[in-house]
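Listed here are the chains, written in short residue letters.
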Amino acid sequence: MTVTASKYPLKKNDLYETEAWATDACCRALLQLGLWQNGLTIWEPAAGNHAMVKPFYNAGAKTVITSDICKYNFPHTVMFDFLGNGEYDFLPNEFNIASNPPYGIQNRLAVKFAEKALARCDGFVALLLTAKFDFGVTRKHLFQDNNRFLAKVALLDRISWEGNGETGTEDHAWYIWGPRGYKVSSAAVLYELSLIHI
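As a starting point, this report considers the structure included with it. (Residues numbered from 1 in each chain as written. Predicted model: local features only at pLDDT ≥ 70, side-chain atom pairs only at ≥ 80, totals over all residues. Heavy atoms only, no water.)

1. Points about the overall build of the protein chain
Consideration 1: For the protein chain, the count of helices and strands is three helices and eight strands.
Consideration 2: Long-range contacts, defined as pairs at least 24 residues apart, comprise 70% of the intrachain contacts of the protein chain with a sequence gap of at least 6.
Consideration 3: Accessible area for the protein chain stands at about 9,600 Å²; split by element, carbon and sulfur atoms hold 50% of it. (Helix = DSSP H or I, 4+ residues; strand = E, 2+ residues; numbered from the N terminus. Contact = heavy atoms within 4.5 Å. Areas by Shrake-Rupley, 256 points an atom, 1.4 Å probe, with all protein chains shown as cover.)

This is the structure in structure tokens:
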């Protein structure tokens, strides 16, 4: 994902690691929304250095399948270009997607990532994106006109993408879509500090 240029240099493949507390907030939101349960399979398709894997397991996931376009410090379950058109037959019949995807210039890669996730996944989809990602008429198909869009979870603290306590200037949120066939009359806005604890 791309972080404010004045604060962080751009990294190859938008490799910015998600702090554990931010992933915990995702799991807590999914639990509050009735989507999280022990024994889930999670696909993390932009896994990087697997920063999100341990928090998912700690929250009760049975399996976390990791993939990415490059190997960094840890081997992935499989090498896979999520934005390409390759077959994803390495997945079980039932799985969910949760990821901090690459954003790209003007969040264009993130839009493609969200579209691919919703097309490929019959389970829930949770993506960590900028707090303003849902703004704009060109994204109505992901939000206003999408019956699966369930909730936006505002992170009230800023993420330290370098893991050193230094935060950027951008705010972030989790965007959560329900399983395929899910019908949402109106999406919820949740706040990280008020979520139930696992």
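2. Remarks on the nonpolar core
Consideration 1: Core analysis: the biggest nonpolar cluster contains 32 residues, and W36, F56, W174 and I176 have the highest contact counts within it.
Consideration 2: Contributions of two or more residues to this core are made by helix 1 (20-32), helix 2 (53-58), strand 5 (125-130), strand 6 (149-154) and strand 7 (172-177).
Consideration 3: Here this core gets six residues from one element, more than from any other, and that element is helix 1.
Consideration 4: Counting 26 residues, the second-largest nonpolar core is a separate cluster that includes L91, F95, V125 and F143. (Core = buried A, V, L, I, M, F, W, Y, C linked by side-chain atoms within 4.5 Å. Buried < 20%, exposed > 50% of the residue type's maximum accessible area, 1.4 Å probe, protein only.)

3. Thoughts on the side chain of D68
Consideration 1: If you trace the backbone, D68 turns up in strand 2 (residues 63-68).
Consideration 2: Using a relative accessible area of 10% as the deciding quantity, one classes D68 as buried.
Consideration 3: At 3.3 Å, the side chain of D68 forms a polar contact with the backbone nitrogen of A47.
Consideration 4: Excluding anything up to four places from it in sequence, D68 contacts P45, A46, A47, G48, H76, V78, M79 and F80. (Polar contact = N/O pair within 3.5 Å; in protein donor to acceptor, adjacent residues only side chain to side chain.)

4. Some words on the state of the cysteines
Note on terminology: disulfide describes a covalent bond linking the sulfur atoms of two cysteines.
Consideration 1: The full count for this structure, using the stated rule, is zero disulfides.
Consideration 2: Cysteine C27 is unpaired, with the sulfur of C26 as its nearest cysteine sulfur at 5.3 Å. (Disulfide = S-S within 2.5 Å.)

5. Topic: the pattern of salt bridges
Consideration 1: Summed over the entire model, instances satisfying the criterion amount to three salt bridges.
Consideration 2: Residues D122 and R180 are paired through a salt bridge, measuring 2.4 Å at the closest nitrogen-oxygen approach. With D122 in the loop between helix 3 (108-120) and strand 5 and R180 in the loop between strand 7 and strand 8 (188-191), the pair connects residues that are 58 residues apart, well separated along the chain.
Consideration 3: When its relative accessible area of 46% is taken as the criterion, D122 is described as partly exposed.
Consideration 4: Residue R180 is classed as partly exposed on the basis of its relative accessible area, which comes to 42%.
Consideration 5: R158 serves as the salt-bridge partner of D171, at 2.8 Å between the closest nitrogen and oxygen. Taken together, the residues D171 in the loop between strand 6 and strand 7 and R158 in the loop between strand 6 and strand 7 connect sequence positions 13 residues apart. (Salt bridge = Lys/Arg side-chain N within 4 Å of Asp/Glu carboxyl O.)

6. Here we look at the packing of aromatic side chains
Consideration 1: Scanning the entire structure with this criterion turns up 15 aromatic pairs.
Consideration 2: Here the aromatic rings of F143 and F149 are separated by 4.8 Å at their centres, their planes lie at 85°, and the arrangement is edge-to-face.
Consideration 3: Here F143 falls in the buried class, since its relative accessible area comes to 9%.
Consideration 4: F149 gets classed as buried once you look at its relative accessible area, which sits at 9%.
Consideration 5: Among the aromatic residues, those joined into a cluster by ring pairs are W43, F80, F82, Y88, F90, F95 and F113.
Consideration 6: It is R120 that lies over the ring of F82; its NZ or CZ is 4.8 Å from the centre. (Phe/Tyr/Trp six-rings, centres within 6.5 Å; stacked < 30°, edge-to-face > 60°. Lys NZ or Arg CZ within 6 Å of the ring centre and 35° of its normal.)

7. Observations concerning helix 3
Consideration 1: Across its 13 residues, helix 3 extends 19 Å between first and last C-alpha, which sits within 8% of the 18 Å expected from 1.5 Å per residue.
Consideration 2: When we look at burial in helix 3, the residues that qualify are A110, V111, F113, A114, A117, L118 and R120.
Consideration 3: Where helix 3 is buried, its residues meet strand 4 (96-99), strand 5 and strand 7. (Expected span 1.5 Å × (residues − 1).)

Note that every value here comes from positions in space, so none of it alone points to a role or purpose.
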